[in-house]
Amino acid sequence: MSRKELLIVIPACNEEDNITKLLDQLESARIGELGDILIINDASSDATAKIVRSRGLELITNIFRLGYGGAVQVGYKYAVRTGYQYVIQLDGDGQHDVCNIPALYRRLLLPDENGNPPDIVLGSRFLDGSRSFPISRAKKMAFPLFRQMIFLLTGKAVADPTTGLQGLNRNAFAHYAQYTNFDDKYPDANMLIQMLLLGFRVVEIPAIMHPRTAGKSIHSGWKPLWYMFRMLFSIAAIVFRIRVLKIEKGAHESHARGL
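In this text, all values refer to a predicted model and were calculated from it rather than measured experimentally.

Draft legend 1. Up close: the environment of Leu-7. By secondary structure assignment, the location of Leu-7 is in strand β1 (residues 6–12). For Leu-7, a relative accessible area of 1% gives the class buried. Put simply, Leu-7 and Tyr-78 are 71 residues apart on the chain and 9.4 Å apart in space, counted from C-alpha to C-alpha. Those residues in contact with Leu-7 that sit more than four places away from it in its chain are Asp-36, Leu-38, Gly-75, Tyr-78, Ala-79, Tyr-84, Tyr-86, Val-87 and Ile-88.

Here's what the structure looks like:
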């Protein structure tokens, strides 16, 4: 089967009320002409997998639920094994408008003044050109903290440190595909800090997003409290591993060549 150089990875868990609309939008925008589409069904108990299969799209179903990060990492591993050069990830709940995909892809290919294209492109809700987006109280408290931590630790200003809308080149997703290099539950500001400290080039572009219209967010109920604890612990562990133990310096280059 002929593959494109771009793979669009969409993790989905019990998204039967959202996935049909998203797939309709992908088809209407002719995204399949730009890149191949892969749905990661994270052990859904509803009709998510059935809906995807009816469209004839590439589908991987996790027998056991891996969580958001684990599902996304399955997509990275698939992209490495099958030879893709770029990955764009977006959520299966319809919050990430499909119009962002061509913009992320174009930015991935655009070199800087030194001739180096970015490794990671973030779709941001908080740049000029972004569309206003309702944010929960918990995230409104988390954003300033994460922005400040990223800047203090890496010297990089990131407007949207928790965006799940991202484009990655092979260097970046090959690193993430490694077992210990990606948070299997909440890959947010902690992963950005890791990649910036390792020397990956990260840029942001404005993005269009929409509120979730159905289903339950992974940050509902008491989960934000656990999320904050886990995130702060993860950031501390990442900084220790890279700055003190120095076990990951330069590792992304060898991983990309070896996979």
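Draft legend 2. Broad picture of the packing of aromatic side chains. As enumerated under the stated definition, the model contains nine aromatic pairs in all. Each ring, one from Tyr-76 and one from Tyr-176, has its centre 5.5 Å from the other, and the planes form 25°; the classification is stacked. Highlighted residues: Tyr-76 in helix α3 (residues 67–82) and Tyr-176 in helix α6 (residues 170–176), separated in sequence by 100 residues. For the pair Tyr-76 and Tyr-176, a shared accessibility class is recorded, and that class is buried. What links up through ring pairs into an aromatic cluster is the set Tyr-76, Tyr-176 and Phe-182. Here the guanidinium or amino end of Arg-147 rests over the ring plane of Phe-126, the centre of that ring lying 5.1 Å away.

Rules used in this analysis
- Residues numbered from 1 in each chain as written.
- Predicted model: local features only at pLDDT ≥ 70, side-chain atom pairs only at ≥ 80, totals over all residues.
- Heavy atoms only, no water.
- Helix = DSSP H or I, 4+ residues; strand = E, 2+ residues; numbered from the N terminus.
- Buried < 20%, exposed > 50% of the residue type's maximum accessible area, 1.4 Å probe, protein only.
- Contact = heavy atoms within 4.5 Å.
- Phe/Tyr/Trp six-rings, centres within 6.5 Å; stacked < 30°, edge-to-face > 60°.
- Lys NZ or Arg CZ within 6 Å of the ring centre and 35° of its normal.

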